[in-house]
Amino acid sequence: MINEALRLIRVFHDLKQFELADRLKVSKSHISEIESGSKTPSLDLIEKYSIEFRIPVSAIMFFAEQIPNAKRGEKARTKIASTVLDLLSFIERKADATAA
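Residues numbered from 1 in each chain as written. Predicted model: local features only at pLDDT ≥ 70, side-chain atom pairs only at ≥ 80, totals over all residues. Heavy atoms only, no water.

**Looking at the overall build of the chain**
Then, number 1: Per the secondary structure count, the chain includes six helices and zero strands.
Then, number 2: In sequence order, the chain lays out its α and β elements as α-α-α-α-α-α.
Then, number 3: The 100 residues of the chain split such that 31% are buried.
Then, number 4: Taking all contacts inside the chain whose residues are at least 6 apart in sequence as the whole, residues at least 24 apart take part in 48%. (Helix = DSSP H or I, 4+ residues; strand = E, 2+ residues; numbered from the N terminus. Buried < 20%, exposed > 50% of the residue type's maximum accessible area, 1.4 Å probe, protein only. Contact = heavy atoms within 4.5 Å.)

**Overview of the nonpolar core**
Then, number 1: By size, the foremost hydrophobic cluster in this structure holds 19 residues, and its most contacted members are Leu6, Leu20, Tyr49, Phe53 and Ile60.
Then, number 2: Broken down by secondary-structure element, the contributors of at least two residues to this core are helix H1 (2–12), helix H2 (17–24), helix H3 (28–36) and helix H4 (43–53).
Then, number 3: Among all residues touching Leu6, those that are not within four sequence positions of it are Ile34, Glu35, Pro41, Tyr49 and Ile60. (Core = buried A, V, L, I, M, F, W, Y, C linked by side-chain atoms within 4.5 Å.)

**Structural notes on the packing of H2 against H4**
Helix-helix packing: each pair is described by the crossing angle between the helix axes and the interaxial distance.
Then, number 1: Close contact between H2 and H4 brings their axes to 10 Å; oriented N to C, the two are set at 100°. Compared by their axis directions, H2 and H4 come out roughly perpendicular. Residues Leu20, Arg23 and Leu24 of H2 form the contact with H4, whose own contacting residues are Leu45, Lys48, Tyr49, Glu52 and Phe53. (Axes fitted to C-alpha atoms, helices over the stretch in contact; angles between N-to-C directions. Parallel < 35°, antiparallel > 145°, perpendicular 65-115°, else oblique.)

**With respect to the pattern of salt bridges**
Then, number 1: Tallied over the full model, the rule gives five salt bridges.
Then, number 2: A salt bridge links Arg7 to Glu4, with the shortest nitrogen-to-oxygen separation between them at 2.8 Å. With a gap of three residues between them, Arg7 and Glu4 both fall in helix H1, about one helical turn apart.
Then, number 3: Residue class for Arg7 comes out buried when judged on its relative accessible area of 18%.
Then, number 4: Its relative accessible area of 24% is what places Glu4 among the partly exposed residues. (Salt bridge = Lys/Arg side-chain N within 4 Å of Asp/Glu carboxyl O.)

**Considering unusual backbone geometry**
Then, number 1: Even without being a glycine, Lys25 presents a positive backbone phi close to 60°.
Then, number 2: Residue position: Lys25 is located in the loop between H2 and H3.
Then, number 3: In this model, Arg54 sits at a positive phi of 55°, which is unusual for a non-glycine residue.
Then, number 4: Relative to the helices and strands, Arg54 is located in the loop between H4 and helix H5 (57–61).

**Some remarks on the packing of aromatic side chains**
Then, number 1: Here the structure, examined in full by the defined rule, presents one aromatic pair.
Then, number 2: Geometrically, the ring pair formed by Tyr49 and Phe53 is tilted, given 6.0 Å between the ring centres and 40° between the ring planes. In this pair, Tyr49 and Phe53 both sit in helix H4, four residues apart, roughly one turn of the helix. For the pair shown, Tyr49 and Phe53 are each scored as buried. (Phe/Tyr/Trp six-rings, centres within 6.5 Å; stacked < 30°, edge-to-face > 60°.)

Okay, here's the thing in structure tokens:
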């Protein structure tokens, strides 16, 4: 879930992967692997996102919870995180439709 949150943060700020990679001082392929979910972001990278986008690390880490591993009390948190991602995806689709 965190990979999608990081992708949507980038998209919300209208950045291409290579632009974000340049800002964060990482490779474009690293951003691609993180966003696709093939790699897990390090805390160092999450801190870079936090600084770049002025988002608290805790807000980004909110999306790090794994749904299958969630305990009873965490299932509500996971549902909320999923709903927020759905909302951001909706905003992305609307922005894409407007731009087209």
